Amino acid sequence: MIIGGSSSQKLAANIAQEMGDVLCPLESRKFPDGERYVRIKGEVEEGVVVVQSTGYPQDENLMELFLILKTIRDMGITNIRTVIPYFGYGRQEKSFNYGEAVSADVVCQLIEFAGASSIYSINLHEQSICDLFKIPAYNLSAMPAIANYVKDNVEDPVIIAPDKGALGFAQEVASLLNCQCDHLEKIRLSPEKVETKPKNLDIEGRDAVIIDDIISTGGTIVNACSILKEHQASRIVVSCVHPVLVGDALLKIFAAGADDVVGTDTLKSEVSNVSVASLVADALK
């Protein structure tokens, strides 16, 4: 049985279809004062799967997840596999300065306390988040799903990481597609002048696919698009796992020269055209 929270209803339905499982109805609404009401409208059986991303509004989606998990636990169910495609509050997994809250650790503890028996997430900001749980936790990769999209929509691509931090994602996609990859690198030409360009490859006349895990404000991607345009890329496709896309991020990316922008359905957005349903279903099976 699959239960989809408010933030992941369509994804939950697609996972249920992939697994041939029942999709359990859920009533979720807010009282006039903003507090959340949740009711599971079905007979829940052992081995239930809860699907709920915890992106914006993070606090509301987390509270709904806690209520769902605790309600199922109170029904006597002990095996509650919990799928959190996008893990909110996952960017601070340790304290960098005295007195800082380690938000990822707090959220992990609350999810466990609410009743989750295992966790499945996708391209966590840090792999070490899995270690914060005392229950089994799995960090799945959406790169094969993105690679399939690129294969079907881009001829002879070159995969580009917008910075060295995203190079691992680019290499994973390039390996799956058996194509070249590179990353953008800053080169200091003088004390006053810095140039950013592809480290190894000549991009001129080629279809460039930028790959990253999260696009939030879009600043890094805008910079990458501008550089690839300067180096005369024929076409620029921007891809990511989690399309957070704050404010006018998408508009800025297209204005910078992107021909297409695509993300997965770990979050709901107008570019969430790559589904992770089969990825999650395979992991659950």
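Just so it is clear, the structure is predicted and the values come from calculations on it, not from any experiment.

Colleague: Where do I start with unusual backbone geometry in this structure?
Modeller: Apart from glycine, the bulk of residues carry a negative phi angle, and the bulk of peptide bonds sit in the trans form. Across the junction of Y56 and P57, the peptide omega takes the value -5 degrees, indicating a cis bond. Mapping P57 onto the fold places it in the loop between strand 5 (48–51) and helix 2 (58–74). Although it is not a glycine, N178 adopts a positive phi angle of roughly 55 degrees.

Colleague: Where do I start with the packing of helix 1 (residues 9–19) against helix 8 (residues 277–284) in this structure?
Modeller: Packed helices, taken two at a time, are described by the angle between their axes plus the distance between the axes. Helix 8 packs onto helix 1 with a crossing angle of 55 degrees between their chain directions and a minimal axis gap of 9 Å. One finds that helix 1 runs oblique with respect to helix 8. Considering how the two elements wind past one another, helix 1 and helix 8 form a crossing that is right-handed. The residues of helix 8 that touch helix 1, namely those facing L11, N14, I15, E18 and M19, are A277, S278, V280, A281 and L284. Split into classes, the residues belonging to the contact of helix 1 with helix 8 amount to seven nonpolar, two polar and one charged.

Colleague: Is there a simple way to explain the pairing of strand 6 (residues 80–84) in this structure?
Modeller: As a general feature of sheets, a regular strand has side chains that alternate between the two faces. For strand 6, the tally of buried residues reaches five of five residues, placing the bulk of the element in the interior. Because side chains alternate across strand 6, one face comprises the buried residues I80, T82 and I84, and the other comprises R81 and V83, equally buried. When strand 5 meets strand 6, the two strands line up parallel, connected through four bridges. Within strand 6, the position partnered with V50 by the bridge is T82. Traced from strand 5 through helix 2 to strand 6, the parallel crossover comes out right-handed. Bridge analysis of strand 6 against strand 7 (residues 118–122) gives four bridges, and the strand direction is parallel. What sits directly across from R81, in strand 7, is S118. A crossover connection joins strand 6 to the parallel strand 7 through helix 3 (residues 103–114); in handedness this β-α-β unit is right-handed.

Colleague: How do you make sense of the sheet that holds strand 8 (residues 137–140) when you look at a structure like this?
Modeller: The pairing of strands in a sheet comes from backbone hydrogen bonds and takes either a parallel or an antiparallel form. Taken together, the six strands give an open sheet; going across it, the order is 2-1-5-6-7-8, and neighbouring strands pair in parallel fashion. Of all strands in the sheet, those with a lone pairing partner are strand 2 (23–24) and strand 8, marking the two edges. Sheet strands in contact with helix 1 are strand 1 (2–4), strand 2 and strand 5, and its direction is about 165 degrees off that of strand 1. Its contacts with the sheet place helix 2 against strand 1, strand 5 and strand 6, and it is angled at close to 170 degrees to strand 6.

Colleague: Sorry if this is basic, but what is going on with the side chain of H242 here?
Modeller: For H242, the position within the fold is in strand 13 (residues 235–243). Residue classification places H242 among the buried residues on the basis of a relative accessible area of 1%. Side-chain polar atoms of H242 contact the backbone oxygen of I122, separated by 2.9 Å. Apart from residues lying up to four places away in sequence, H242 is in contact with P85, Y86, I122, N123, D213, I214, I215, T266 and L267.

Colleague: Sorry, what's going on with the packing of aromatic side chains here?
Modeller: Taken as a whole and assessed by the stated rule, the structure comprises three aromatic pairs. Relative to Y37, the ring of F31 has its centre 6.0 Å away and its plane inclined at 85 degrees; by these criteria the two rings are edge-to-face. Just above the ring of Y37 sits the side chain of R29; from NZ or CZ to the centre is 4.2 Å.

Colleague: Could you clarify how one ought to interpret the nonpolar core in this entry?
Modeller: Soluble globular proteins tend to pack their nonpolar side chains together in the buried interior. Of all hydrophobic cores here, the largest spans 36 residues; its most connected members are I2, I15, V51, I159, I211 and L284. With six residues, helix 5 (residues 167–177) is the single largest residue contributor to this core. Dropping the residues within four chain positions of it, I15 is found in contact with I2, V51, A277, V280 and L284. V44, L62, I84 and C108 belong to the second-largest nonpolar core, a separate cluster that totals 30 residues.

Colleague: Explain the environment of E18 to me, please; I cannot follow it from the model alone.
Modeller: Following the sequence through the fold, E18 ends up in helix 1. Judged by its relative accessible area of 41%, E18 is partly exposed. Along the backbone, E18 and D282 are 264 residues apart, and their C-alpha atoms lie at a distance of 8.7 Å.

Colleague: What am I meant to see in the pattern of salt bridges here?
Modeller: Oppositely charged side chains can pair when the atoms bearing their charge come close. Using the criterion set out here, one finds six salt bridges in the structure. The salt bridge partner of E27 is R29, with a shortest N-O separation of 3.0 Å. Taking the relative accessible area as the measure of exposure, R29 reaches 38% and is therefore partly exposed. The closest approach of N and O atoms between D248 and K252, which form a salt bridge, is 3.9 Å.

Thresholds applied
Residues numbered from 1 in each chain as written. Predicted model: local features only at pLDDT ≥ 70, side-chain atom pairs only at ≥ 80, totals over all residues. Heavy atoms only, no water. Helix = DSSP H or I, 4+ residues; strand = E, 2+ residues; numbered from the N terminus. Axes fitted to C-alpha atoms, helices over the stretch in contact; angles between N-to-C directions. Parallel < 35°, antiparallel > 145°, perpendicular 65-115°, else oblique. Left-handed = near helix turned anticlockwise from the far one by under 90°. Contact = heavy atoms within 4.5 Å. Nonpolar A, V, L, I, M, F, W, Y, C, P; charged D, E, K, R; others polar. Buried < 20%, exposed > 50% of the residue type's maximum accessible area, 1.4 Å probe, protein only. Pairing = 2+ DSSP bridges. Right-handed = clockwise from strand over helix to strand, strands pointing away. Polar contact = N/O pair within 3.5 Å; in protein donor to acceptor, adjacent residues only side chain to side chain. Phe/Tyr/Trp six-rings, centres within 6.5 Å; stacked < 30°, edge-to-face > 60°. Lys NZ or Arg CZ within 6 Å of the ring centre and 35° of its normal. Core = buried A, V, L, I, M, F, W, Y, C linked by side-chain atoms within 4.5 Å. Salt bridge = Lys/Arg side-chain N within 4 Å of Asp/Glu carboxyl O.

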